[in-house]
Structure formats: structure tokens, C-alpha cells
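Working through the structure, step by step
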Amino acid sequence: MQVQRPRLMPFRVVHDQIGRGYGHATPAALAACEAAAQHGITLEPTYTGKAMAGLLADAESGLLDGKRVLFVNTYAGK
């Protein structure tokens, strides 16, 4: 019996949301946190906000058109 291997999904690493670096919020990250909060999702601007900012930028550019996207929110929050 031959086992079928799962198909590997491509991923990319982008660096355009880093801003000044760790611990420094970017305007895009703050905007992403605010947008997520309107949907009951809590993000923080250091990691998850910057990740969501990147996802929103990709969506706005059309890069995600016709694709399924999974955003894993790792923020444990208070």
C-alpha cells in the first residue's frame, strides 16, 4: 500500500512590515489591529499586527484573489 504524501503549500517570507524592528509598532500594524478589533479579534502591534498588516497589504494588492488564506493568531493577550 502506497501512502500519499500531503501536498506542500508554498509560503513566502516578507520583510516590508518590520518597520524600525522589534517592539516598534508601524502605522500599518496599528491600523491592522484596529481593523481586527472591529471583528472581535485582538492583535498586538509587534507580531500579530504586523503579520495582519502584511496579509491586508497582500489582499489589497490582489495577490490573494481566488486563494484561501489561514491567519493563525498567536497572541495570547490579556
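Residues numbered from 1 in each chain as written. Predicted model: local features only at pLDDT ≥ 70, side-chain atom pairs only at ≥ 80, totals over all residues. Heavy atoms only, no water.

1. Describing the nonpolar core
Put simply, the rule reads: Side-chain atoms within 4.5 Å link the members of a nonpolar core, which is a set of buried Ala, Val, Leu, Ile, Met, Phe, Trp, Tyr and Cys residues. Whether a residue is buried, partly exposed or exposed follows from its accessible area with a 1.4 Å probe, protein chains only, as a fraction of its type maximum: under 20%, in between, or over 50%, in that order. By definition, any uninterrupted DSSP run of H or I lasting at least four residues is a helix, any uninterrupted run of E lasting at least two residues is a strand, and each is numbered from the N terminus. Note on definitions: a residue-residue contact is assigned when non-hydrogen atoms from the two residues lie within 4.5 Å.
In this structure, Ala32, Cys33, Ala36, Leu43, Met52 and Ala53 together form the largest nonpolar core, which totals 6 residues. Among the secondary structure elements, those contributing two or more residues to this core are helix H1 (27-37) and helix H2 (48-61). Ranked by residue count, the leading element in this core is H1, at 3 residues. If sequence neighbours within four positions are ignored, alanine 36 has contacts with Ile41 and Leu43.

2. Description of the layout of surface pockets
Picture a little ball the size of a water molecule; that probe, rolled over the atoms, points out where space is still empty. Put simply, the test is: Here the term cavity refers to a set of points on a 1 Å grid, laid over the protein atoms alone, in which a 1.4 Å probe fits but cannot get out; the term pocket refers to an open set having protein on both sides within 12 Å along at least five of seven lines, with lining residues being those that place an atom within 4 Å of a point. Grid points are joined across faces, edges and corners, and a volume is the space filled by probe spheres set on the points. Note that Gly is not counted as nonpolar here; it falls among the polar residues with everything else outside the nonpolar set of Ala, Val, Leu, Ile, Met, Phe, Trp, Tyr, Cys and Pro and the charged set of Asp, Glu, Lys and Arg.
Of the volumes computed, that of the largest pocket is approximately 950 Å³. Forming the boundary of the largest pocket are 24 residues, of which Phe11, Arg12, Asp58, Leu64 and Val69 lie nearest the centre. When grouped by side-chain class, the residues that make up the lining of the largest pocket number 15 nonpolar, 3 polar and 6 charged.

3. Looking at the packing of aromatic side chains
Stated formally: Any pair of Phe, Tyr and Trp rings, taking the six-membered ring for Trp, is counted once the centres come within 6.5 Å. Such a pair is stacked with planes under 30 degrees apart, edge-to-face with planes over 60 apart, and tilted for the rest.
Considering all chains together, one arrives at 1 aromatic pair under this definition. A centroid spacing of 5.8 Å and a plane angle of 55 degrees characterise the contact between tyrosine 22 and tyrosine 47, whose relative ring orientation is tilted. Residue tyrosine 22 is located in the segment before H1, and its partner tyrosine 47 is located in the loop between H1 and H2; the two are separated by 25 residues in the primary sequence. Across the pair, tyrosine 47 and tyrosine 22 agree in class, each one exposed.

4. As for the side chain of lysine 50
Condition: We treat Lys and Arg as the positive residues and Asp and Glu as the negative residues; His and chain ends play no part in the count. Salt bridge, as used here: a side-chain nitrogen of Lys or Arg that lies within 4 Å of a carboxyl oxygen of Asp or Glu. Polar contacts here mean pairs of N or O atoms no more than 3.5 Å apart (in protein, one a potential hydrogen donor and the other a potential acceptor; neighbouring residues in sequence count only if both atoms are side-chain atoms).
Its location among the elements puts lysine 50 in helix H2. One buried charged residue, lysine 50, remains without a salt bridge, the closest side chain of opposite sign being glutamate 44 at 8.2 Å. In this structure the side chain of lysine 50 is engaged in a polar contact, spanning 3.0 Å, whose partner is the backbone oxygen of histidine 24. Beyond its immediate stretch of four places on either side in the chain, lysine 50 contacts Gln17, Ile18, Gly21, His24, Thr26, Ala29 and Pro45.

5. Let's talk about the packing of H1 against H2
Threshold: Each axis is a line fitted through C-alpha atoms, and for a helix only the stretch in contact is used; angles between axes span 0 to 180 degrees, taken between their N-to-C directions. Each angle gets one of four labels, with under 35 degrees taken as roughly parallel, over 145 as roughly antiparallel, 65 to 115 as roughly perpendicular, and the rest as oblique.
Taken N-terminus to C-terminus, the directions of H1 and H2 make an angle of 90 degrees; their axes are 8 Å apart at the nearest point. Judged by the angle between their axes, H1 and H2 are roughly perpendicular. Of H2, the residues touching H1 (which contributes Ala28, Ala29, Ala32 and Cys33) are Gly49, Lys50, Met52, Ala53 and Leu56. By residue class, the composition of the contact of H1 with H2 is 7 nonpolar, 1 polar and 1 charged.

All we've got here are geometric facts, nothing functional implied.
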